[in-house]
Amino acid sequence: MTFKEIQYKISALYEHRQPAVSECVSLGKSLAEADVSFVPEYVRKIKAAFLSSFTVQGLPEVFRASALFNNVWADTYLAPYNQFTQEILNSESGLYRFDPALSYLIIDKKDIADNSHLETLVKTLLAKTKSKVVIFNFVSEGDAQGDTAVPRLNETIKALSEKETRVFVYDFNQFLQANGKDDIWNTKYAALGDFRIHPEAFPRLAYDISRWAVATAGATKKCAVLDLDNTLWAGIAGEDDFQTITPNKDLQKFLQSLAGQGALLAIASKNNFNDALEVLERHPDMALRKKDFANLKIDWQPKDINIRAIAAELKLGLDSFVFADDSPFERDLIRTSLPEIAVITPEALPTYPGFHSVGLTAEDFRRGEMYKEEEGRKEFEVAFSSVEDFLRELKLSVAIYPAVQETIPRISQLTQKTNQFNLTTRRYGEDDVKNMLLRGWKIWSVSAKDRFGDYGIIGVCIIDPAADRWKIDTLLLSCRILGRKVEDIIFTFLCSEALKHGAQKIGGEFIPTKKNAPASSFFSSVGFRLLEKDGSQEVYEHILRDDYSYPDFITVLC
Amino acid sequence: MLTLEKIIAKVLSADESLITDEAGPGSIASWDSFNALLLVAELEKNFNVKFTLEEIIIVKTVADIKKILKNHGIA
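Residues numbered from 1 in each chain as written. Chains lettered and ligands numbered in written order. Predicted model: local features only at pLDDT ≥ 70, side-chain atom pairs only at ≥ 80, totals over all residues. Heavy atoms only, no water.

A. Geometry of the overall build of chain A. If you tally the helices and strands in chain A, you get 19 helices and 21 strands. Within chain A, the fraction of its 558 residues that count as buried is 53%. Put simply, 72% of the contacts in chain A that link residues at least 6 apart link residues at least 24 apart. Carbon and sulfur atoms form 49% of the exposed surface of chain A, whose accessible area is close to 24,500 Å². (Helix = DSSP H or I, 4+ residues; strand = E, 2+ residues; numbered from the N terminus. Buried < 20%, exposed > 50% of the residue type's maximum accessible area, 1.4 Å probe, protein only. Contact = heavy atoms within 4.5 Å. Areas by Shrake-Rupley, 256 points an atom, 1.4 Å probe, with all protein chains shown as cover.)

B. Fine view of the interface of chain B and chain A. Taken together, the contact between chain B and chain A spans 14 residues of the former and 15 residues of the latter. For the chain B face of the interface with chain A, the top three residues by lost area are F34(B), L37(B) and L53(B), together amounting to 45%. Remark: the boundary between chain B and chain A carries two salt bridges. E200(A) is the salt-bridge partner of K45(B), the closest N and O atoms lying 3.7 Å from each other. Going through the elements one at a time, helix 2 (33-47) and helix 3 (53-58) of chain B are the ones with two or more residues in the side of chain B that touches chain A. (Buried area = accessible area lost by both parts, 1.4 Å probe. Salt bridge = Lys/Arg side-chain N within 4 Å of Asp/Glu carboxyl O.)

C. Broad picture of the packing of helix 1 (residues 3-13) of chain A against helix 3 (residues 59-69) of chain A. All names here are of chain A. The N-to-C vectors of helix 1 and helix 3 enclose an angle of 90°; their axes lie 9 Å apart at closest approach. By the criterion of interaxial angle, the relationship of helix 1 to helix 3 is roughly perpendicular. Across the interface between the two elements, F3, Q7, I10 and S11 of helix 1 pack against A65, L68 and F69 of helix 3. Here the residues of the contact of helix 1 with helix 3 sort into five nonpolar, two polar and no charged. (Axes fitted to C-alpha atoms, helices over the stretch in contact; angles between N-to-C directions. Parallel < 35°, antiparallel > 145°, perpendicular 65-115°, else oblique. Nonpolar A, V, L, I, M, F, W, Y, C, P; charged D, E, K, R; others polar.)

D. The side chain of E497(A), seen in detail. In this fold, E497(A) is placed in helix 18 (residues 486-500). Look past the residues within four positions of E497(A) in its chain and what remains in contact with it is W444(A) and W470(A).

E. Structural context of the side chain of K297(A). Residue and element names in this part refer to chain A. Along the chain, the position of K297 falls in strand 10 (residues 295-298). A polar atom in the side chain of K297 sits 3.2 Å from the side chain of N295. For K297, the residues in contact, after removing those within four places along its chain, are I267, A268, S269, N306, A309, I310 and E313. (Polar contact = N/O pair within 3.5 Å; in protein donor to acceptor, adjacent residues only side chain to side chain.)

F. Layout of the pattern of salt bridges. All names here are of chain A. One pass over the full model with this rule turns up 30 salt bridges over all chains. Across the pair E15 and R331 runs a salt bridge whose closest N-O atoms are separated by 2.4 Å. Of this pair, E15 sits in the loop between helix 1 and helix 2 (21-33) while R331 sits in helix 14 (residues 328-337), placing them 316 residues apart in sequence. Overall, the relative accessible area of 24% leaves E15 in the partly exposed class. Given the relative accessible area of 7%, R331 is considered buried. Residues D108 and R196 are paired through a salt bridge, measuring 2.6 Å at the closest nitrogen-oxygen approach. Of this pair, D108 sits in the loop between strand 3 (102-106) and helix 6 (115-128) while R196 is found in the loop between helix 9 (181-184) and helix 10 (202-217), placing the two residues 88 residues apart along the sequence. R196 shares its class with D108; the two are buried.

G. Quick peek at the confidence of the model for chain A. The predicted model of chain A has a mean per-residue pLDDT of 89, with 93% of residues at 70 or higher. Here residues 374-385 of chain A is a poorly scored stretch, pLDDT under 50, and it has five contacts once near neighbours within four places are set aside; other chains count. (pLDDT = per-residue confidence, 0-100.)

H. Local environment of the sheet that holds strand 10 of chain A. Residues and elements named next belong to chain A. Pairing in this open sheet of five strands is parallel, and the strands run 10-9-6-11-12 from one edge to the other. In the strand order of this sheet, the two ends are held by strand 10 and strand 12 (342-344), each with one partner. Across this sheet, the average inter-strand angle for adjacent strands is 20°, counted without regard to direction. The pairing of strand 6 (residues 223-226) with strand 9 (residues 264-269) spans four bridges and is parallel. Its bridge partner being in strand 9, A224 is matched across the sheet by L265. (Pairing = 2+ DSSP bridges.)

I. Just the pairing of strand 2 (residues 72-78) of chain A, in detail. Residues and elements named next belong to chain A. Across the seven residues that make up strand 2, a large majority, five, are buried. Examined bridge by bridge, strand 1 (residues 44-52) and strand 2 share seven bridges and lie parallel to one another. Among the inter-strand pairings, A49 is bridged to a residue of strand 2, identified as Y77. As for the winding sense of the linkage, the β-α-β connection from strand 1 through helix 3 to strand 2 is right-handed. (Right-handed = clockwise from strand over helix to strand, strands pointing away.)

J. Structural context of the pairing of strand 13 (residues 397-402) of chain A. Residues and elements named next belong to chain A. Bridge count for strand 13 against strand 15 (residues 442-450) is six bridges, and the pairing is antiparallel. Of the residues in strand 15, the one forming a bridge with S397 is K449. Of the pairings in the sheet, the one linking strand 13 to strand 21 (residues 555-557) comprises three bridges and is parallel in character. When the sheet's bridge partners are listed, A399 is paired in strand 21 with L557.

K. Examining the packing of helix 2 of chain A against helix 3 of chain A more closely. All names here are of chain A. Interaxial distance between helix 2 and helix 3 falls to 7 Å at its minimum, and their mutual angle equals 80°. In terms of orientation, helix 2 and helix 3 fall into the roughly perpendicular class. Between helix 2 and helix 3, the contacting residues are V21, C24, V25, G28, K29, L31 and A32 on the first element and E61, V62, R64, A65 and L68 on the second. Here the contact of helix 2 with helix 3 is built from residues that sort into eight nonpolar, one polar and three charged.

L. Expanded view of the sheet that holds strand 5 (residues 167-170) of chain A. Residues and elements named next belong to chain A. The strand order across the open sheet formed by five strands is 2-1-3-4-5, and the pairing between neighbours is parallel. Only two strands of the sheet have a single neighbouring strand rather than two, namely strand 2 and strand 5. Averaged over all pairs of adjacent strands, the angle between their axes in this sheet comes to 25°, without regard to strand direction. Taken together, the four bridges between strand 3 and strand 4 (residues 132-136) define a ladder with parallel strand orientation. Its bridge partner lying in strand 4, L102 is registered against K132.

M. Spotlight on the nonpolar core. Residues and elements named next belong to chain A. The biggest cluster of nonpolar side chains holds 115 residues, and the ones touching the most others in it are F63, Y104, F172 and I197. Sorting elements by how many residues they give to this core places helix 10 first, with nine residues. Apart from the residues within four sequence positions on either side, F63 is in contact with A48, F50, A74, T76, L102, Y104, A206, I209, S210 and A213. With 43 residues, the next largest nonpolar core counts I305, I400, Y455 and A498 among its residues. (Core = buried A, V, L, I, M, F, W, Y, C linked by side-chain atoms within 4.5 Å.)

So this is what it looks like as structure tokens:
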């Protein structure tokens, strides 16, 4: 399998609450054998050692797979069975030749002599390597009343973790409790090959402890992109009644705490902007509000395009993102088109390990604020360059052709269906279109293609061509193609055509309706002057310049 | 529900054609003690049974597995 294939499989596998251990082991092994020359630059490498007092064979391979889910490539070392003491005390051991950056100590209370044994081990490890040391806390069971061995051991490691910046305690007891201690710890597998942790628990365990791999490798995620419908709230904004929409308070509170630690929150959701904003700003049960998000992309564009834009505007690499959406389609889209993003279900957010970092700074706590300030200042600049770049990558090509017999039906249909980006909302049947052509009016269809596919005809332009002043009767675009500067292309085209025909001015009206707010700023954005305005319409005009040129990031055919 | 041979082949990452009645740790390289445990887990999950320690220890071939499954009411 290629690296990309393994990466995809790992990402898809971790959608399940309990991925199958045999698959995880197999993927971890494939990773170790994969051609390293194809590993992308955003993947960071670390070396992780596992020292255990019982059998954890298979765990390192599963750990490799879990680490890759968050863009970390882990080389792993497994100390020989129950030789954790020897490996640590012997300077020539395989452990020191391996030279780990991260070491996991997984010790059963039965196999540790006393507190000083434990302390010696940890201190030696710290002295002989630069490794971070993660110690599983000790499991008590079958302890006689008053037997304080385990609590004392746990006290010792707690004290060590507070004193030493490189020592951390993994709450293994909490893992057992959350996942069913009897099904995992000291099952019958303990008698078979000394697997005191049931191998079936390895994927969940590896996923949980991979947080230190993320932190050590510097791969900590910086931004969570959330969907809205059935993710941040139950229900669909714009379709379900406002009162029936139920905000997911637990999830939102969790996200608030994430933000409090310096993570950024963003939204990528397919809704009418106003419908979504109504819930976001005015629903009484929302814990999060618009101000809590560093970036919002609420429109009908494909989510991968929007997330790319978010990354560019926030000036973050795509590898620092995690994306949560209830829709398997959207998750798979992002998994495929943006593999460096960790894709999870909304339910998996609270246990997601990718935001773990070692040591928070004051800057982390302020990051959200800083972004908001920066955003206000640089909004135009950032937006401009980022849109160009990703449009360029999009390989967008726009074709503007005169209406012909075959395209009249589609043209007519668009005038009847299109509400949002429609300057005048004039509805025309096929006969109307034919009559306009007979009268000498000019009608063009606008179609578009990009690297993801062909949109077909998605825009219409109808001109009443007087000798010196062309009038835009209709200019509309399907909402699918908004946000790609196609309307600017049409403007440039119309002006070039008008010039060719000897006109000196081009004018048009904007007739506001309940739905066409997206088109309200079109005229001013391309430099038309407002001539007059009354209750029902605004009239604009543009005096033609000598020449017009298309931007280089879009291909135009006409 | 997958067949026994398919499950074994999957866990061992081996070709299904190798999973004959006589196959076992001796004949298939990937049938080591670790994979043997994963196999137990998969079989228990797939056939909804629980094997005892004694049953697990005595298995030497695929035929042995079939015998044990039969004892649990699985043909």
